[in-house]
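Descriptive analysis of the structure
Spelled out, the chains give:
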Amino acid sequence: MTTHTEDSTKKETPSWALGVPTKLIRKVNVIPEAPDHLPVHTLTFAFPDVNHENFTGPAVHHSHVRLDMGDVVKMVIPGYKPKSYSISDLRENEFDVTFKVYPNGRASGFLDRLQVGDHIMSFGKHASRTRNPGAYVGIIVFGVGITEGYPVAKAELAKGTAKVKLLWASRTKADTFWREELQQLQEAYPDNFEMVYLYSRETVEGCLHGRVSPELLKQVFDPPIPQEARFLSVGTKPMMKDVDGMLGQIGYPMPQHHLLPKH
Ligand SMILES: Cc1cc2nc3c(=O)[nH]c(=O)nc-3n(C[C@H](O)[C@H](O)[C@H](O)COP(=O)(O)OP(=O)(O)OC[C@H]3O[C@@H](n4cnc5c(N)ncnc54)[C@H](O)[C@@H]3O)c2cc1C
């Protein structure tokens, strides 16, 4: 009998989307669960012991994922489908996925229940983007979107981009993480990197308060040469569409000013 939960039976999964066994080797809690916010964890997986040549179609080996280009890893959730996650860090033989656990979340709940030593099927996938370089890069991330925004910011600085400004919109300070790492990035690039925290539900000294709006974007991003400005937003599709519209309103039409436009 077919039930509404058996999504995978509706259409056959192509062989390239089945993924390869990927072992969880570490789990670190980043934001503990609390009544007013959802938990966030970082899972570290070992690179699967499979050659890149074994991946077909759009699937690639995890070591081929480009954090600077917004590529993703697809986690194949049993009985459901492959779900996208940014790789928050990539080391010689392992990679991290940092994720928020949503109430009744099918994918995030499954990831949350994985135990160290367990395997999940997964594969890497390019985001089909190009890089449109500019001297000034503004990155706008919402909540857990920092998992893509932070690696891209680091990569842009390493590539020599003159100014990278990262705006992180969250509800409260307790919804943020990696503050120490972001501080270290500021110290490593004092003239080139600037971090701006924006909270919608609390007022914190040294941080902005409110929501992302055209006025706020204009206040935060003030590139000396507007033609050189490039932007990237990371959040849900409606959020990113809204931000693109706001950037257009303040003189940066997209995708012309997109840092990583789709090709
Ligand atoms: C390119 C890309 C990269 C991504 N990278 C990451 C990442 O690095 N880390 C990460 O945690 N997630 C990331 N996501 C989101 C991820 O793919 C899942 O959508 C997310 O884990 C929720 O899936 P779920 O099956 O657990 O929730 P669902 O079963 O789909 O939903 C469960 C409940 O949570 C709510 N919910 C689901 N998603 C959101 C959301 N984004 N904001 C608010 N409420 C929500 C739903 O409305 C529902 O009530 C990425 C998505 C894309 C497209």
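Everything numeric in this text was worked out from a predicted model, so none of it was measured.

Rules of the game
Residues numbered from 1 in each chain as written. Predicted model: local features only at pLDDT ≥ 70, side-chain atom pairs only at ≥ 80, totals over all residues. Heavy atoms only, no water. 1 Å grid on protein atoms, 1.4 Å probe; cavity = no way out; pocket = protein on both sides within 12 Å on 5 of 7 lines; lining within 4 Å. Points joined across faces, edges and corners; volume = space filled by probe spheres on them. Helix = DSSP H or I, 4+ residues; strand = E, 2+ residues; numbered from the N terminus. Nonpolar A, V, L, I, M, F, W, Y, C, P; charged D, E, K, R; others polar. Pairing = 2+ DSSP bridges. Contact = heavy atoms within 4.5 Å. Axes fitted to C-alpha atoms, helices over the stretch in contact; angles between N-to-C directions. UniProt positions renumbered as here; feature names shortened; annotations may be inferred. Buried < 20%, exposed > 50% of the residue type's maximum accessible area, 1.4 Å probe, protein only. Near = heavy atom within 4 Å. Polar contact = N/O pair within 3.5 Å; in protein donor to acceptor, adjacent residues only side chain to side chain. Areas by Shrake-Rupley, 256 points an atom, 1.4 Å probe, with all protein chains shown as cover. Core = buried A, V, L, I, M, F, W, Y, C linked by side-chain atoms within 4.5 Å. Phe/Tyr/Trp six-rings, centres within 6.5 Å; stacked < 30°, edge-to-face > 60°.

**A word on empty space enclosed by the protein**
In this approach a probe as big as a water molecule rolls over the atoms, and the regions it shows empty are the leftover space. Taken as a whole, this structure holds one cavity of 30 Å³ or more when the rule is applied. Estimated volume of the largest cavity: approximately 30 Å³. If you trace the largest cavity, you find it lined by Leu67, Gly70, Asp71, Ser86, Ile87, Thr147, Glu148 and Pro151. With three residues, helix α2 (residues 146–158) is the largest single contributor of residues to the lining of the largest cavity. Class assignment for the residues of the lining of the largest cavity results in three nonpolar, three polar and two charged.

**Describing the sheet that holds strand β13 (residues 229–234)**
Taking strand neighbours across the sheet as the criterion, the five strands line up as β12-β11-β10-β9-β13 in an open arrangement whose pairing is parallel. The two strands at the open ends of the sheet, each matched to only one other strand, are β12 (208–209) and β13. Bridge analysis of strand β11 (residues 193–199) against β12 gives two bridges, and the strand direction is parallel. Opposite Tyr199, over in β12, you have His209 as the bridge partner. Helix-sheet contacts for α2 involve β9 (136–142), β10 (163–170), β11 and β13, and the interaxial angle to β10 is about 170 degrees. On top of the sheet, helix α3 (residues 179–188) reaches β10 and β11; it is set at about 145 degrees to β11, its chief contact.

**Considering the UniProt feature "domain: FAD-binding FR-type" (unreviewed entry) in the protein**
Summarizing the sequence annotation, UniProt attributes the feature "domain: FAD-binding FR-type" (unreviewed entry) to residues 17–132 in the numbering used throughout. Along residues 17–132, the helical share is 7% and the strand share 41%, with 29 Å between the first and last C-alpha atoms.

**Overview of the pairing of β13**
With respect to burial, β13 is a largely interior element, six of its six residues being buried. Note: β9 against β13, six bridges, orientation parallel. Paired with Ile139 across the strands is Leu232, a residue of β13.

**Observations concerning the site of the ligand**
Close to the ligand lie 18 residues, the nearest being Ser84, Tyr85, Ala107, Ser108 and Thr147. At a separation of 2.9 Å, a nitrogen atom of the ligand approaches a polar backbone atom of Thr98. Within the side chain of Thr147, an N or O atom sits 2.8 Å from an oxygen atom of the ligand. Contact with the protein chains hides 60% of the accessible area of the ligand, taken as 930 Å² for the molecule alone.

**Observations regarding the nonpolar core**
Core analysis: the largest hydrophobic core is formed by 27 residues, its most contacted members being Ile139, Ile146, Leu166, Trp168, Leu182 and Phe193. If you list the elements that add at least two residues to this core, you get β9, α2, β10, α3, β11 and β13. When residues in this core are grouped by element, the largest group, five residues, is from α2. Core analysis: the second largest hydrophobic core is formed by 21 residues, Leu24, Ile87, Phe95 and Phe99 among them.

**Quick notes on unusual backbone geometry**
The linkage connecting Met254 with the following residue, Pro255, adopts the cis geometry, with an omega of 10 degrees. Checked against the element boundaries, Pro255 lands in the segment after α5 (237–249). Positive phi outside glycine occurs at Ser128, with the angle close to 55 degrees. Looking at where Ser128 falls in the secondary structure, it is placed in the loop between β8 (119–125) and β9.

**A look at the packing of aromatic side chains**
For any two aromatic rings, the description comes down to two numbers: the centre-to-centre distance and the angle of the planes. If you walk through the whole model with that rule in mind, you get ten aromatic pairs. Note on Phe47 and Phe95: the rings are 6.3 Å apart at their centroids and 25 degrees apart in plane angle, and the pair reads as stacked. Residue Phe47 is found in the loop between β2 (40–46) and β3 (59–60), and its partner Phe95 is found in strand β7 (residues 94–100); the two are separated by 48 residues along the sequence. Each member of the pair, Phe47 as well as Phe95, carries the same accessibility label: buried. Centre to centre, the rings of Trp168 and Tyr197 are 6.1 Å apart; their planes meet at 35 degrees, and the pair counts as tilted. Taken as a pair, Trp168 in strand β10 and Tyr197 in strand β11 lie far apart in primary sequence, 29 residues in all. The same class applies to Trp168 as to Tyr197, namely buried. One aromatic cluster is present, built from ring pairs that chain together Tyr150, Trp168, Phe177, Trp178, Tyr197 and Tyr199.

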